[in-house]
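The residues making up each chain are set out below.
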Amino acid sequence: MAITRQILGRLTTLVASLLVASAGIFVALNALPGDATAAILGTNADPAAISQLRAHLGLDRPLWVRYLSWLHGLVTGNLGTSLLSGDPVASLIWPRFGVTLSLVTLGMVLSVVVAMPLGMYAAVHRRRARGFIAATLSQLGMAVPAFVAGIVLVLVFAVYLRWLPAGGYTDLQRDPLEWFRHLILPSVSLALVNGSLLARYVRAAFVEVLTEDWFRTARAIGWRLWPALWRHGVRNAATSLITVLGLQLATVFVGAVVIEQVFAMPGLGSLLLDEVGKRDLVVVQAVVMLMVALVLIVNALVDVGYLALDPRLRGRREMR
Amino acid sequence: MRRVPLIFGLVAVGFVVVAALLALVWTPYDPAVIDPVHRLGGPGWPHVLGTDTFGRDIASRLMAGSRTCLLVGIVAVAFASAFGIPLGMLAGMTHGVVSRVVLRATDLLYAFPAILVAMLLAAAFGGSSLTGTLAIGIATVPVFTRVARAGTLSVMSQDYIWAARGSGISWASIAVRHVWPNIAPLIGVQASVSFGMAILAEASLSYLGLATPPTTPTWGRMLYDAQAQLFNAPLLTLWPAAAIVVAVMGFNVLGDALRDLLDPRLREVS
Amino acid sequence: MGRRHGWKLFTPIAALLAAMALLTLAGCSNTGDPGGSASASSLVVGASLEPTGLDITTTDGAGGPQALLYNVYETLVKINGVGNLVGLLATDWTVSPDGTTYTFSLQPHATFANGDPITAQAVVDSLNHIRTNPSTTATIKAQLAIVTDAVATSRSTVQVTLRHRSHFWLYNMAGPAGIVIDPKGFSTLGTATAGSGPYVFKAWNKGDSVTLARNTNYWGNEAHFGSVTFKYFADPNAMTTAMKAGDINIISDLTTPSALGQFSDTSKYTVVKGTSNGEVVMGFNHDSAPLKKLKVRQAIIYAVDRKALLDSVWGGQGTLIGSMVPPTDPYYENLAGYYPYDPAKAKELLKEAGYGKGLTLSMPVPNLSYATASAQFVAAQLKQVGITVKVQQQDFSTWISQVFQKGDYDLTVVNHVEPKDIVKWADKNYYWHYDNPEFNLLIAEADQAPTDAEFISYMKQAAEILTTDAAGDFLFLFPHIAICDSSISGITANEVTSSFDLTTLASRNN
């Protein structure tokens, strides 16, 4: 059947993309100057010790051999062991993955919460001063670097008011309330910027809805503006907005790396910056691959979901 | 009121450009010269915006920073255009395998947190501004590919293109004579917006201590250095932060206003 | 019409915001969290370097010893707050006249955390384990290389024999090289500690914190805190804001001295300032042609105003030293005024050395705030005397690889934190490539000097050579600044060991 073939095609593309991405990440990271031996031996390094350690860690094998063995590990679910500590990479990543995932998810949810009303308001009142102000607000939000927003929020809510912690993280399982309190400021900083960007798309999508014939008809037969927008507009705008959200995922991950730094959160971003400093490439490439794979898979799922639900939308990528 | 965004965008961008051009020949002080006796001076005279922890003149450093920041924008956008536009036009003018491969590659690059890898590269190679800037450029390529492709597709569906192709005019000639002039305004709009994004990205990389060498004054670097003084000299943080916000907003708003101006049909839509 | 329904749309959002606010308020009244003020039972210490491993004899880095030394692992002797050796697991020790045989008498009642007594045999086994374990770090191996033999002469006496007399050895034994490990734990040191200190290791939340708990079996005075968490901050500014926000009780080592002003309220904070072992050295590559010339090196030192540098770079906190010796070492001598700031003299010296027309030098520095700030300052001042400095900022691994291993640099800046690291100048393979036979001889003579007086005299001469020969520019000595909230007392001012010693700390409330 055509749909099945399209879905299969999309999944094939996903696999190909993952392969290309893995090769790209591997080559880029292995081009970095210096290696883990520098971090392990530090200021005590001498050439003999370095070459011995390199051989011990398997760093003296050709690039493609190392790539294939890494790829084999990825496929079989073995991420390898850290060059420095000897811990399994998975055990290093999973606790931190929870932090970043919490931050990214809450940041995304808040973005939508910020963007939907702001964008809809700007669309409805686009010809008036209020709409203009709403649009300007989103322009302003887009122009403020996320870390500046974060610093300001910390100053106000953690240092002066002492309502919320200035940083750190508590596990959801350990204490859900603390988990949430620690996440408020970081995810708000993330959402301010991302939500502003999203608000522009929301505005565009709703302006389109507002000028559609069926919408004018609905209004003409007595639907009030906001209920009409709520009932029909959201449903129609959702398609393109979810696509945009999927595409924003990559940006949000990058934003999370910076935000984790501001709020001293033990997430993937701080792990990444930490380990790249020590050249523990086994860990670094696993983290980058995890982020990329997540983004690719989510986007593929969004596509497949559309195909399965509504084959008419298969050309939707043209809409952006 | 319709003119307000255009005027704001022009003024903000103009301000940055004039500051940058002026900084090429003149700044109130040498932005690198330190003056430990007059460190952390408040705004006043002769240091209009005050001095930083080394006693360097902040106004001069902001001006010099606008130069770096324009350079980052120009290089990143030029790099992204150089690769993104031809690819986008190629994908728009061809069908089948070539078009599909370009599209998929674009999607991949889009989903790829390129800035992330850039961060790693900048971290390792000691963050010369070039590394950071190129990284931002790479991350911007797919945006230009998309815009160029979308524009090309709409041009290619026009009747006169059919006529041109019917009369045996070569692909290259169609691309140069018909497609490019039509998509150039769109690209200009995108360039303005991407310019703003590049400035923001540079600030983020600098905040992580990655993008620029410490002796080069950039707004992001100034923010990074000012952080330690956040409590005793908050103005040090305020100036570069304000500069970034004004410049980025300027480029974004200008981009939007230009789009409205160039394509009235889009005015309603976005 | 639209307006009325507009409010309806905002209702769920308003509800969400209200819920968030409620949760926030609820959280505030909940004071048993990691934030909030320290009760007598728990303490949160902010620190910058996370351990690289739990076994501090097989992993390098300052984070492990900071959290574990003296707190979890104890040594025969320890260095107290003023730099003197005092007994810890040893009550007493004697040295043979030739300086090669040390006899330690052990604390009779000392036990490991599991309750087992610390016998002389256990001490010997532990020392031999560290000496012979192939994974032991190169630094510790070198420190223990002069040990020829260790025996238990009775249940409570240990005799250690050295190859030759050494003034450094016993000091080293007060560090990670001398920790006494429970032999039962040898095989699991990477995941569990096996020490005898007042605290035991409880949890390590990688990337975030290490938590210690009170050792209920402790042989000495019971630990003051039920639990102590070392919380790690990659960004020093995040640490100061966490302190301001009350998330942590102590900043173990403030690395943004300019932030000191925020803690001036003495009713809320106690600021303790002292010296550290960290000499911030502008290293010269003695293999680089221009820097082989004494006059060029001296010119550079004359051209940099170190007092102004310290003010600009480190908020005036720290000490000007002039050589590689901190004031807490017995052979310290104030050499800070040897080269006064004199750009005219610098220009003259450069001219005499043949660089009157200018000189370009590379300066790769690690991505650490004091290093990049110092480099900016140095570059600006050297420009005044005609030296163009190309500053590059690198991450630590790149810097280690380029500067330390390949020696590809002219100038650089780094903080040398190890105790008594002046001896590194005697190693011509070390990244400065400094090779001065006279200096090397003095260091060797000092280590084997029969009396303390002679040792000190040799060391002083060695330190003076580094200054007169302009071996490097000793920019300043890192300050040790600790900040604690008003509930904590007893923090040590000077940082003379690599340990953050919890045993002196107490809370004021009880």
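Keep in mind the model is a prediction, meaning the values are calculated, not measured.

Quick notes on the rules
Every chain begins its residue count from 1, and numbering advances along the sequence as written. Key to labels: chains lettered from A, ligands numbered from 1, both in the order written. Owing to the predicted nature of the model, reporting of local features is limited to residues with pLDDT of at least 70; listing and counting of side-chain atom pairs is limited to 80 or more, with chain, interface and lining totals taken over all residues. Excluding hydrogens and water, the side-chain figures rest on all heavy atoms present in the structure. Counting from the N terminus, the helices are DSSP H or I runs at least four residues long and the strands are E runs at least two residues long. Throughout, a contact is declared for two residues whenever any of their heavy atoms are within 4.5 Å. Using a 1.4 Å probe, accessible areas were evaluated by the Shrake-Rupley method; residue-level cover was limited to the displayed protein chains. Only four residue types enter the charge count: Lys and Arg as positive, Asp and Glu as negative, with His and the chain ends excluded. Taken as the charge centre is NZ of Lys, CZ of Arg, CG of Asp or CD of Glu, depending on the residue. Surface patches are drawn from residues lacking salt bridges whose relative accessible area is over 30%; two like charges belong together within 9 Å, two nonpolar side chains (Val, Leu, Ile, Met, Phe, Trp, Tyr) within 5 Å. Definition used for salt bridges: Asp or Glu carboxyl oxygen within 4 Å of a side-chain nitrogen of Lys or Arg. Each residue is placed in one exposure class: buried if its accessible area under a 1.4 Å probe, protein chains only, is under 20% of its type's maximum, exposed if it is over 50%, and partly exposed if it falls in between. Being paired, for any two strands, means DSSP has found at least two bridges between them. Crossovers are marked right-handed if the path from the first strand over the helix to the second runs clockwise, as seen with the strands pointing away from the viewer. Taken from the helix axis, the directions to the C-beta atoms give the arc we talk about. Working definition: a ring pair exists when centres of Phe, Tyr or Trp rings (six-membered ring for Trp) sit within 6.5 Å. Plane angles under 30 degrees give stacked, over 60 give edge-to-face, the rest tilted. A domain assignment, automatic or from a database, supplies the domain bounds used here.

Peer 1: I keep staring at the overall build of chain A and nothing clicks. Help me out?
Peer 2: A tally of regular secondary structure across chain A gives twelve helices and zero strands. Put simply, chain A runs from its N terminus to its C terminus through helices and strands in the order α-α-α-α-α-α-α-α-α-α-α-α. The dimensions of chain A, computed from C-alpha atoms along their principal axes, are 85 × 60 × 35 Å. In chain A, once contacts between residues fewer than 6 apart in sequence are set aside, the share between residues at least 24 apart is 73%. Of the roughly 13,500 Å² that chain A leaves accessible, carbon and sulfur atoms contribute 66%. Here chain A contributes 27 positive and 17 negative side-chain charges, whose respective centroids are spaced 15 Å apart.

Peer 1: Just to check I follow, could you spell out a nonpolar patch on the surface for this structure?
Peer 2: Residues and elements named next belong to chain A. Together, Val-152, Val-156, Tyr-160, Leu-161 and Trp-163 give the surface a local cluster of nonpolar side chains, amounting to about 480 Å² of exposed area. Residue position: Val-152 is located in helix α7 (residues 146-160). Under the relative-accessibility criterion, Val-152 is labelled partly exposed at 44%.

Peer 1: Just to check I follow, could you spell out the pairing of strand β14 (residues 387-394) of chain C for this structure?
Peer 2: The side chains of a regular strand alternate between both faces of the sheet. Residues and elements named next belong to chain C. Inspection of the sheet shows strand β13 (residues 359-366) paired to β14 by eight bridges, in the parallel sense. When the sheet's bridge partners are listed, Ser-362 is paired in β14 with Lys-390. Regarding the hand of the β-α-β motif, the stretch spanning β13, helix α10 (residues 369-384) and β14 is right-handed.

Peer 1: Would you explain the sheet that holds strand β15 (residues 411-416) of chain C in this entry?
Peer 2: In sheet architecture, strand pairing relies on hydrogen bonds along the backbone and comes in two forms, parallel and antiparallel. Residues and elements named next belong to chain C. Pairing is mixed in the open sheet, where eight strands are placed in the order β8-β9-β10-β1-β11-β16-β12-β15. Pairing within the sheet leaves two strands with one partner each, and these edge strands are β8 (199-205) and β15. Here six bridges tie strand β1 (residues 42-47) to strand β10 (residues 227-232), and the two strands are oriented parallel to one another. Along β10, the bridge assignment pairs Val-44 with Thr-229.

Peer 1: Would you explain the environment of Trp163(A) in this entry?
Peer 2: Within the element layout of this structure, Trp163(A) appears in the loop between α7 and α8 (176-210). Trp163(A) sits 72 residues away from Arg235(A) along the chain, and the two C-alpha atoms are 38 Å apart.

Peer 1: Could you clarify how one ought to interpret helix α12 (residues 437-447) of chain C in this entry?
Peer 2: Spacing of three or four residues puts side chains on the same side of an α-helix, whose turn is 3.6 residues. All names here are of chain C. Listed in full, the buried residues belonging to α12 are Phe-439, Leu-442, Ile-443, Ala-446 and Asp-447. One side of α12 holds all its buried residues, which, seen down the axis, span an arc of 130 degrees. In α12, the exposed positions angled more than 90 degrees off the buried face are occupied by Pro-437, Glu-438 and Leu-441.

Peer 1: Help me out: how do you make sense of the packing of aromatic side chains in this one?
Peer 2: Think of a pair of aromatic rings as described by two things: how far the centres are apart, and how the planes are tilted against each other in angle. All names here are of chain C. On inspection of all chains with the given rule, the structure shows 33 aromatic pairs over all chains. On the basis of an interplanar angle of 40 degrees and a centroid distance of 5.1 Å, the ring pair of Trp-314 and Phe-478 is categorised as tilted. Of this pair, Trp-314 sits in helix α8 (residues 306-314) while Phe-478 sits in strand β16 (residues 472-485), and the two are 164 residues apart along the sequence. Looking at Phe-478, the relative accessible area reads 7%, which means it is buried. Aromatic side chains Tyr-331 and Phe-455 sit 5.8 Å apart centroid to centroid with 90 degrees between the ring planes, which places their arrangement in the edge-to-face category. Here Tyr-331, found in the loop between α8 and α9 (343-352), pairs with Phe-455, found in helix α13 (residues 452-468); they are 124 residues apart in sequence, far enough to count as distant. Using a relative accessible area of 1% as the deciding quantity, one classes Tyr-331 as buried. For Phe-455, a relative accessible area of 6% corresponds to the buried category. Here the aromatic cluster, defined as three or more aromatic residues joined through ring pairs, consists of Trp-399, Phe-404, Tyr-409, Trp-425, Tyr-430, Tyr-431, Trp-432, Tyr-434, Phe-439 and Phe-474.

Peer 1: Would you take a moment to explain the pairing of strand β12 (residues 269-284) of chain C for this structure?
Peer 2: Residues and elements named next belong to chain C. Counting buried positions along β12 yields 13 of 16 residues, so the element is predominantly enclosed. Note: β12 against β16, twelve bridges, orientation antiparallel. Its bridge partner lying in β16, Val-280 is registered against Phe-476. Alignment of β12 against β15, held across six bridges, turns out to be antiparallel. Each bridged residue has a counterpart across the sheet, and for Glu-279 the counterpart in β15 is His-416.

Peer 1: Help me out: how do you make sense of the domain arrangement of chain A in this one?
Peer 2: In many analyses, interface size is given as the accessible surface area lost on bringing the parts together. Entries for chain A in the domain assignment read domain 1 (2-76) and domain 2 (96-278). The straight-line distance from the C-alpha centre of domain 1 of chain A to that of domain 2 of chain A is 34 Å.

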